[in-house]
Amino acid sequence: IPIKTELGRSIRKAFIPGLPDLGFLHRFAHVVRPHALRWAAAYRIIDELEVSADLEWQLWSEAVSGNSAPLTGRFGDTLVPSLGVRVTPVAGIDVMAGYRYEPTPFQNFGGPTNLLAANRHLASLGLRVDLEPLIDGETVPLSIGIGGRLAFLETGEEVKNGRRFPTDDLFFANPGYPGYRYGGVVPSAQLELETRW
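This write-up is about the structure you can find in this document. (Residues numbered from 1 in each chain as written. Predicted model: local features only at pLDDT ≥ 70, side-chain atom pairs only at ≥ 80, totals over all residues. Heavy atoms only, no water.)

As a further point, take the overall build of the protein chain. The secondary structure content of the protein chain amounts to three helices and 11 strands. Each helix (α) and strand (β) of the protein chain, taken in turn from the N terminus, gives the series β-α-β-β-β-β-β-β-β-β-α-β-α-β. Taken across its 197 residues, the protein chain has 22% of its residues classed as buried. Look at the contacts in the protein chain between residues 6 or more apart in sequence, and 58% of them connect residues 24 or more apart. (Helix = DSSP H or I, 4+ residues; strand = E, 2+ residues; numbered from the N terminus. Buried < 20%, exposed > 50% of the residue type's maximum accessible area, 1.4 Å probe, protein only. Contact = heavy atoms within 4.5 Å.)

What follows is the structure, encoded as structure tokens:
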């Protein structure tokens, strides 16, 4: 439901006469994950080396937002490939690396929606240490894992198309008018502790 604030109008009247209306229009949108089908395979080449690959079909064309309000662009199904490798130099220590490519499921085509939807290249590196095999004669049911990931967002560009808007006023008032570029790198990290009993 569109919500128009009265705050801007009150500020303008009270403090800054002549300033245009500061009201804004906001629409709620929720992050959703689509249904997906995944095919995966793993192969241990030698005891110390294992490789894996998978292909995920994400059914974005059937996704709906949390408030069932369709956006004005187009959602399309995507195929997401992933590759991984795990090296075990000694029992109890695993070094892992992976790569995943996630194409954007959304195209705005110059419409009023301002989602920053970019193709993503995800590179990750991790280390997992299981203390029990490393400490002879001791029962230490504890594993420690650390990992890091860099998400490289391909540079994208959005140019607003006046024919995609109901009125010229909505076209010129859109926060993304006349267009914008986006992209970058997003780092993330995680720490994992696991015990068994």
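This brings us to the side chain of glutamine 58. Within the fold, glutamine 58 resides in strand 4 (residues 49–58). Overall, the relative accessible area of 4% leaves glutamine 58 in the buried class. One polar contact links glutamine 58 to glutamate 56, side chain to side chain, over a distance of 2.7 Å. Within polar-contact distance, the side chain of glutamine 58 engages the side chain of tryptophan 60 at 2.9 Å. (Polar contact = N/O pair within 3.5 Å; in protein donor to acceptor, adjacent residues only side chain to side chain.)

This paragraph deals with the packing of aromatic side chains. Within this structure, the stated rule accounts for seven aromatic pairs. Seen from their ring centres, tryptophan 60 and phenylalanine 75 are 5.8 Å apart, and the 15° between their planes marks the pair as stacked. Here tryptophan 60 is found in the loop between strand 4 and strand 5 (74–75), whereas its partner phenylalanine 75 is found in strand 5, with 15 residues between them in sequence. Given a relative accessible area of 9%, tryptophan 60 falls into the buried group. Residue class for phenylalanine 75 comes out partly exposed when judged on its relative accessible area of 31%. Between tyrosine 180 and tyrosine 182, the aromatic rings sit 6.0 Å apart at their centres with planes inclined by 45°, giving tilted as the arrangement. Exposure remark for tyrosine 180: the relative accessible area of 17% places this residue in the buried category. (Phe/Tyr/Trp six-rings, centres within 6.5 Å; stacked < 30°, edge-to-face > 60°.)

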